[in-house]
Structures are given as structure tokens and as C-alpha cells.
Amino acid sequence: MSTSQQQAQAEVHRVLILGRTGAGKSTLTNFLLNEQTATTSFKLQSCTKEPTPYRGKWRGTGEVIEIIDTPGLLDSADGNMGALRALKTAADQMKDGIKALLFVQPLTDMRMDDSIKMMLELLNKVFPEQQVWDRSAIVFTHWDSLDSEKRQESVTKWVSEMPGELQSVECRLNVTNTFVYKGKHDVNSLDGLFPFIKAQTSFLPKIIHDVQQGKDGEALKIIATMHKKMMEMQLQHAQAQREIFGEIRADRERDAQRALEMQNQFMQALERSDRANAERLDKMMAQQSEQTRQLVANMPRGGGGSTRWCVVM
């Protein structure tokens, strides 16, 4: 075997995969590796709890690829520090750089909702380098969940409307690189994806390098800013519920208002470089969020649902 062949065989093509809960990231991962490595579920709750790398051969026989499946940096239940820990875990897994960023979008979604836009806005702040977005691609999923006559129509609709949606959050996801996963029975599905990944050179984003070096202050501020936006959305949702259901939903409005106030205090502590107090506040917020989640889980259905918002990548 020649030296070039040995190098090609030893090279690991590392990919970061992103998308909302239920987008089909785990199903896609299993297809690309041709084995059941990632847990799949039809539930709205995420199967992946922390950044998880899955390594194998492309479609089971090709070159080595590692797919890093990611949880939500915007899950309010885990708090700011929980999101930072998730980012640190991902940074450890990306220490040798990534070749591509794949955004998974279900064709069954009618539009890109505010939570997904928020996730993309966060990504744009986390990865400001154009090199990341040059290596990005969109993979459409849930093809076989649509009626056959609507499948291509849905792809066309998403490709035409996505640039405007991305522009609204100043996200530079590359819409010229689009692929469609048509289900495990279509063995030729995504044939063009690996050549796209292989053609890229590994790149280590600055924020990942900084976090690896213990410089996490800027990352934490970005996470905190996006969590604040999310909490503002929670408050608006709670206020809308109270207008519909009256005082029976007043407690959720108060909880959302209190969470936003504590988040503001957390961010003020960061600005003062008072990390200890910030972490104390964050722990209190996480405890309060968990208590609210438990109360909501034990409530009878039909009363307007939970105010917990979660974006999973």
C-alpha cells in the first residue's frame, strides 16, 4: 500500500450535524454509517442528551467518517452553564477540526419557526468565520413522509424560501449545497454528499480553540444572550396563555418573568466578572426550571401546554 493510500485510509472525515429535535439526525447518522449506532425516536424529546460522536465507515464500506450529533445549546432547563458544558464537550470532540457542517431540515415542516431561527442565529455568533459556512450543507429529511406528488414540490419550496429565512437572522448557511435523504431503502440516496465532505479541508473554529484553551468567557456571553432572547419568547407565550385562560395561567407568567429577571442578573454578574455569583444564579434558575417542568408534567392535559422551549441541535 502506498503512503498516499495509507494517509487516505487513516484520515477521519469529521462532520458536525445540526437540526431540531425530530429532524432525523439520528436516522441520517445510522444511514450514513450503515449501522444502528444512534438512538432514534418519534418523540418530541431529544434522544441525544450531550454531544455524541459516531464513528464508522461511509455506508459501511467506505472511508472513515465521524459524525458529531449535538444537543440543544438553548435548552433552558440546563441553564447557561449546562449549555457551556455541552459546548466544551463538543469542543473536545472537534479538537482536530471539522470538515463539514450539516443542517438537517425536515421537508414536513411548513416553515422555519422562530426557535430554529434562534438556533441559526446562535450558530452565526458561535461560528463567525466564513470558512465554517463554506463547508456547510443542508440535508432534507422526511421525504418518505410526504405524498409522492408533493415531495419534489416541497424541496423546491424550501430551496426557494430558505435564503430569505436565513437572511432574517443573518445566517450564512450555504443553500447552494443541498441534498435529499430519501429513506434507507434508497441505497443511492445522498451519493453526492461524501464527495462534498471529502473535498473540504479540516478547520478548527476560533471559539472551539478558545474553549479548549479554557477561554470560555465570550462563549458564555453568547449563550447567555441567546438564552435571554428565548426567555423573552417564553414570557410572551405565557402572557398570551394568560389572556386566553385567565388567572389559571398567571403562575406561568410569573415564573417566566422571574426567570427573565434572574437571567438579566446573571448577565450583569458576567459583565462584572463575578463568575461565582453568576454560577449561583444559574444554578437557581436551573432548579426553578426543573420544578416548573415537574409541575407541568403532573398537570392534567388540555390546559395550554408547557412554557418550556427547547431547541436541540
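I will try to describe carefully the structure that is included in this document. A quick note: this is a predicted structure, and the numbers were derived from the prediction, not measured.

Here we look at the packing of aromatic side chains
Right, so step 1: Tallied over the full model, the rule gives three aromatic pairs.
Right, so step 2: Each ring, one from Trp58 and one from Phe194, has its centre 5.0 Å from the other, and the planes form 40 degrees; the classification is tilted. With a gap of 136 residues between them, Trp58 in the loop between strand E2 (52-57) and strand E3 (64-69) and Phe194 in helix H7 (residues 193-198) connect regions that are remote in the sequence.
Right, so step 3: On the basis of relative accessibility, which here comes to 11%, the residue Trp58 falls in the buried class.

Some remarks on the sheet that holds strand E6 (residues 178-180)
Right, so step 1: Spatially, the six strands line up as an open sheet ordered E2-E3-E1-E4-E5-E6, and their pairing is mixed. A strand with exactly one partner marks an edge of an open sheet, and here the two such strands are E2 and E6. Taken pair by pair, the neighbouring strands of this sheet meet at an average axis angle of 25 degrees, ignoring direction.
Right, so step 2: Sheet topology places strand E5 (residues 136-141) next to E6; three bridges connect them, and they run parallel. If you follow Ile138 over to E6, its bridge partner there is Thr178.

A short note on the pattern of salt bridges
Right, so step 1: The tally for this structure, following the rule as stated, stands at 15 salt bridges.
Right, so step 2: Bridged by salt links that share partners, the residues Lys88, Asp216, Arg275 and Glu279 form one connected network.

A closer look at the pairing of strand E1 (residues 13-18)
Right, so step 1: Most of E1 sits out of view: six of its six residues are buried.
Right, so step 2: Side chains His13, Val15 and Ile17 of E1 all project onto a buried face; the interleaved residues Arg14, Leu16 and Leu18 project onto the opposite face, where all are buried too.
Right, so step 3: Two strands pair when backbone bridges link them, and E1 and E3 are joined in this way by five bridges, in the parallel orientation. Of the residues in E3, the one forming a bridge with Val15 is Ile67.
Right, so step 4: Where E1 lies against strand E4 (residues 100-106), four bridges are found, and the strand directions are parallel. Directly across from Leu16, in E4, lies its bridge partner Leu101.

Some details on helix H10 (residues 250-271)
Right, so step 1: Taking 1.5 Å of rise per residue, 22 residues should cover 32 Å, and H10 covers 32 Å from first to last C-alpha, within 8% of that figure.
Right, so step 2: Within H10, the full set of buried residues consists of Ala250, Arg252, Glu253, Ala256, Ala259, Leu260, Met262, Gln263, Phe266, Ala269 and Leu270.
Right, so step 3: At the C-terminal side of H10, Ser273 shows a positive phi close to 60 degrees.

What to know about unusual backbone geometry
Right, so step 1: With a phi angle near 60 degrees, Asn34 is a residue other than glycine that sits in the positive phi range.
Right, so step 2: In this structure, Asn34 sits in the loop between helix H2 (25-33) and E2.

As for the nonpolar core
Right, so step 1: Counting residues in each nonpolar core, the largest one holds 61 residues, and the members touching the most others are Leu120 and Phe127.
Right, so step 2: It is helix H9 (residues 217-245) that contributes the most residues to this core, 11 residues altogether.
Right, so step 3: With 23 residues, the next largest nonpolar core counts Ile17, Leu190, Phe196 and Ile197 among its residues.

Cut-offs and rules
For every chain, the first residue of the written sequence is number 1, and numbering continues from 1 along that sequence. Local features in this predicted model are restricted to residues whose pLDDT is 70 or higher, and side-chain atom pairs enter the listing and the counts only when it is 80 or higher, whereas totals over whole chains, interfaces and linings include all residues. To get the side-chain values, take all heavy atoms of the structure and skip hydrogens and water. Two rings from Phe, Tyr or Trp (for Trp, the six-membered ring) form a pair when their centres sit within 6.5 Å of each other. Planes less than 30 degrees apart are called stacked, planes more than 60 degrees apart edge-to-face, and all others tilted. The numbering of helices and of strands both runs from the N terminus, where a helix is a DSSP run of H or I of at least 4 residues and a strand a run of E of at least 2. Relative accessibility decides the category of a residue: with a 1.4 Å probe and only protein chains considered, values under 20% of the type maximum give buried, values over 50% give exposed, and everything between is partly exposed. Paired strands are those between which DSSP finds at least two bridges. Axis definition: a line fitted to C-alpha atoms, over the contacting stretch in the case of helices. Angles run 0 to 180 degrees between N-to-C directions. Whenever Lys or Arg places a side-chain nitrogen within 4 Å of a carboxyl oxygen from Asp or Glu, that contact is recorded as a salt bridge. In this analysis, the expected span of each helix is defined as 1.5 Å times one less than the number of residues it contains. For this analysis, a nonpolar core means a set of buried residues of the types Ala, Val, Leu, Ile, Met, Phe, Trp, Tyr and Cys, connected via side-chain atoms within 4.5 Å.

Any functional reading would require information that these geometric values do not contain.
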